[in-house]
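Letter by letter, the chains look like this.
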Amino acid sequence: QVQLVESGGGLVQPGGSLRLSCAASGRIFSVAGMGWYRQATGKQRELVAIINGDGTNYADSVWGRFIISRDNAKNTVDLTMHSLKPDDTAVYYCYANIATIPFHTNVDYWGEGTLFTVSS
């Protein structure tokens, strides 16, 4: 069925930049929204950024530093991150709300998660 594949995790120094990517594949009828969540050690999973029919939303903690972009034709979503801080360290999860062929029912899908560490 539907699979979300993430790439771009790793290690970067504070103040640096990195780009995370996610591609959705499978029997996709439509994609209502795609985005990124993250979960740091000892904390709940939180929204980082998302694009859907209502527009683009960012968490306050990443406002002005992160940029989310989406290619609707390719069913991909990217997260470009600048001015990175140690507090950005977390497992980042790709998210998508997708209706599949032939059921046409929107369901939330999640990637496996990619670890991103900001450290000197």
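Residues numbered from 1 in each chain as written. Predicted model: local features only at pLDDT ≥ 70, side-chain atom pairs only at ≥ 80, totals over all residues. Heavy atoms only, no water.

**Topic: the environment of Tyr-58**
Piece 1. Relative to the assigned elements, Tyr-58 resides in strand E6 (residues 55-58).
Piece 2. Each C-alpha atom, one on Tyr-58 and one on Thr-80, is 12 Å from the other, the two residues being 22 residues apart in sequence.
Piece 3. Excluding anything up to four places from it in sequence, Tyr-58 contacts Val-48, Ala-49, Trp-63, Phe-66, Ile-67 and Ile-68. (Helix = DSSP H or I, 4+ residues; strand = E, 2+ residues; numbered from the N terminus. Contact = heavy atoms within 4.5 Å.)

**Digging into the sheet that holds strand E3 (residues 18-25)**
Piece 1. An order of E1-E3-E8-E7 is seen for the four strands of this open sheet, with the pairing classed as antiparallel. Of all the strands in the sheet, the pair left with one neighbour each is strand E1 (3-7) and strand E7 (66-71). Ignoring which end each strand starts from, the neighbouring axes of this sheet average 15 degrees apart. (Pairing = 2+ DSSP bridges. Axes fitted to C-alpha atoms, helices over the stretch in contact; angles between N-to-C directions.)

**Description of the state of the cysteines**
Piece 1. Going through the model one piece at a time under the given rule, you end up with one disulfide.
Piece 2. One disulfide in the model links Cys-22 with Cys-94; its S-S distance is 2.0 Å. Here Cys-22 and Cys-94 share a disulfide; its torsion about the S-S bond, -85 degrees, makes the bridge left-handed. Placement of Cys-22 in strand E3 and of Cys-94 in strand E9 (residues 90-100) is noted, with a sequence separation of 72 residues between them.
Piece 3. Judged by its relative accessible area of 2%, Cys-22 falls in the buried class.
Piece 4. Residue classification places Cys-94 among the buried residues on the basis of a relative accessible area of 0%. (Disulfide = S-S within 2.5 Å. Buried < 20%, exposed > 50% of the residue type's maximum accessible area, 1.4 Å probe, protein only.)

**Things to note about the nonpolar core**
Piece 1. In terms of nonpolar packing, the biggest core is built from 29 residues, with Trp-36, Leu-79, Tyr-92 and Ile-98 touching the most fellow members.
Piece 2. Those elements giving two or more residues to this core turn out to be E3, strand E4 (28-39), strand E5 (46-52), E7, strand E8 (76-81), E9 and strand E11 (114-118).
Piece 3. For this core, the element with the highest residue contribution is E9, accounting for five residues. (Core = buried A, V, L, I, M, F, W, Y, C linked by side-chain atoms within 4.5 Å.)

**A look at the pattern of salt bridges**
Opposite charge on two side chains lets them pair, provided their charged atoms get close.
Piece 1. All chains considered together, the criterion is met by four salt bridges.
Piece 2. The salt bridge partner of Glu-46 is Arg-38, with a shortest N-O separation of 3.0 Å.
Piece 3. Since its relative accessible area comes to 35%, Glu-46 is described here as partly exposed.
Piece 4. Residue Asp-88 is joined to Arg-38 by a salt bridge in which the shortest nitrogen-to-oxygen separation is 3.0 Å. In this pair, Asp-88 sits in the loop between E8 and E9 while Arg-38 sits in strand E4, placing the two residues 50 residues apart along the sequence. Arg-38 matches Asp-88 in its accessibility class, with the two residues each being buried.
Piece 5. Taken together, the shared-partner salt bridges connect Arg-38, Glu-46, Arg-65 and Asp-88 into one network. (Salt bridge = Lys/Arg side-chain N within 4 Å of Asp/Glu carboxyl O.)

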